[in-house]
Amino acid sequence: MAEVTRTQVRAEPAAGGPILKPDLPDPCLCVNFGATGDLSRRMLVPALYALWRQRALPPPFTVIGFSRSAESDGALRDALRSSTKQFAPAGSFDDKSWEEFEQRIFTSRGDVNDPASYRALQARMTQIERERGTQGNRLFYLAVPPSSFPGILRGVHQHRLLHPPGAGPWSRVVIEKPFGRDLKSARVLNRLAAETVGEKAVYRIDHFLGKETVQNLLVLRFANSLFEPVWNRKHLDHVQITVAEDIGIENRARFYDETGVLRDMVQNHLLQLLALVAMEPPVSFTGDDIRDGKVRCLRSLRPGPEMVCGQYRGYRGEEGVAPDSRTPTYAALRVMIDNWRWQGVPFYLRTGKRLARKTTEIVLQFQSIPFCLFGREDVCRRIEPNTLAIRIQPDEGISLRFAAKAPGEELEIGSVRMDFSYEEGFRRPMVSAYERLLLDCMRGDQSLFLRADAVEHSWEFMGPPLEAAEADPEGPKIYEPGSTGPREAALLLSKDGRRWTDLGK
Ligand code: BG6
């Protein structure tokens, strides 16, 4: 068999401007709960700074960092300068624009469970709004552990920090994941969010939905007539969704050991990717129609997926992790979708920490050819099925594998790949997921945020396997750091006569 070769495809974007050209969002005051936490330092503030640097935020834009440890405006600015410098992509930090940006950062010190802290915050907000001209628009960002969500929702409601819905300035609340720990707690939280904030002002963030390549999934499916006719049980053998990370839990032991991979990654990111791949064409491209389509797909998931959980060797020795922890850091699932399109097509999902390499990709494997014409068994046996691979990250792009005759007198059939790379094709910088999602919140576009019903259906599906995993007396299977995960995960596919795509370095 000839080597797999790669053929480049050049992207030629049609002439003309973008179809949707966004305007600057409304001016607003962003209140960042958990301002000195990991998420704010790594993601949120670098994204706001990047938007500021690109002139994508209106000049009055201002941030109040609310936290227990923020001592003064100056101290918070210094701390955020050094973390932004560390986490901003290479070459995208400069002192001059940071100095401009940090003039819009202020603090309000307090405790999320202390009424006096909300009164102090209210006073600070009113003063800053007057001075900065943010027109009363308020964006509350809850970058805090899930256990603090209810207290903050009640706090901002009871202290009247939220505007009533309707005309006039808006207020919106962004809630990070995981949204609840199970179906019951997610329902309670949804009810509380509806009573305090109102569904139209709740933005449940799943940053995977803001990734450029994830959004391209819908364009790939619905802006091409080539793929949709084969996107079903008649042509596909199975689908694999992989979100592999080479890093461990970094310095998030407290959060991670309570959360584990099923709540951190599967219930949200992986099920969202699955829903985008498997949903029926939406009625329109508007937020609620897309969200309706995804919910219908989540409702069709067959209960009781087969699942293998793993934990990397050495996890229990990480600082802050319980020495007898049974928290899984890896999961692989075999998911079936009970509808006409997907009956009989397994979706294999896997994700884990400390695996061989970082990669997020979706691979659709087509059925094998029904009959081999080439007469020679050795040739026929080696014809590989077609695959369509969508690389979400890194090396964002799409590749199609098909068979071709290798040049020469011998009949030799090789697999070739036609490859589209975002970077080479468009030669434009990719907008980070957090940047896009923050702008969407400021514009009031909920399309890429999770609706209450989607969260509940995801928990409904994940609840029983999660409980079973927690009750399993054997605990998660141990796998070696830098490997492809536990051996049992390979069995999940091999017993179906299939194998995972290569995760090796
Ligand atoms: C987060 C998880 O939501 O996603 C992390 O909490 C994970 O554990 C991260 O590392 C992965 O995101 P990305 O964008 O780096 O693939």
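Residues numbered from 1 in each chain as written. Predicted model: local features only at pLDDT ≥ 70, side-chain atom pairs only at ≥ 80, totals over all residues. Heavy atoms only, no water.

### So, a nonpolar patch on the surface
A cluster of nonpolar residues, Phe371, Leu373 and Phe374, forms a patch on the protein surface that exposes about 380 Å² of accessible area. Position of Phe371 relative to the elements: it lies in the loop between β12 (359-366) and α10 (377-381). The exposure class assigned to Phe371 is exposed, which follows from its relative accessible area of 61%. (Patch = residues over 30% accessible without salt bridge, like charges linked within 9 Å, V, L, I, M, F, W, Y side chains within 5 Å. Areas by Shrake-Rupley, 256 points an atom, 1.4 Å probe, with all protein chains shown as cover. Salt bridge = Lys/Arg side-chain N within 4 Å of Asp/Glu carboxyl O. Helix = DSSP H or I, 4+ residues; strand = E, 2+ residues; numbered from the N terminus. Buried < 20%, exposed > 50% of the residue type's maximum accessible area, 1.4 Å probe, protein only.)

### Quick notes on the packing of aromatic side chains
Per the stated rule, a full pass over the model turns up 18 aromatic pairs. Relative to Tyr118, the ring of Phe66 has its centre 6.3 Å away and its plane inclined at 25 degrees; by these criteria the two rings are stacked. Of this pair, Phe66 sits in strand β3 (residues 62-67) while Tyr118 sits in helix α4 (residues 115-132), and the two are 52 residues apart along the sequence. Tyr118 carries the same exposure label as Phe66, and that label is buried. Consider the rings of Tyr256 and Tyr315, whose centres lie 6.3 Å apart with planes at 70 degrees: the pair is edge-to-face. Taken together, the residues span a long stretch of sequence, with Tyr256 in helix α8 (residues 253-278) and Tyr315 in the loop between β9 (306-312) and β10 (330-335) at a distance of 59 residues. Like Tyr256, the residue Tyr315 is buried in the burial classification. Looking at Arg55, its charged tip hangs above the ring of Trp52, at a distance of 5.9 Å from the centre. Above the ring of Tyr312, the side-chain terminus of Arg354 is found at 5.4 Å from the ring centroid. (Phe/Tyr/Trp six-rings, centres within 6.5 Å; stacked < 30°, edge-to-face > 60°. Lys NZ or Arg CZ within 6 Å of the ring centre and 35° of its normal.)

### Brief notes about unusual backbone geometry
Omega for the bond connecting Lys177 with Pro178 falls within 30 degrees of zero, at -5 degrees, which places this linkage in the cis form. Turning to its location among the elements, Pro178 is positioned in the loop between β6 (171-175) and α6 (183-196). Following Gln393, the chain continues to Pro394 via a peptide bond in cis, the omega torsion being -15 degrees. As for its placement among the helices and strands, Pro394 is situated in the loop between β13 (387-393) and β14 (397-405). Even without glycine at this site, Arg55 takes up a positive phi of about 60 degrees. Relative to the assigned elements, Arg55 resides in the loop between α1 (38-53) and β3. Residue classification places Arg55 among the exposed residues on the basis of a relative accessible area of 52%. Positive phi outside glycine occurs at Asp395, with the angle close to 50 degrees. Secondary-structure assignment places Asp395 in the loop between β13 and β14.

Nothing here speaks to function; it is all geometry.
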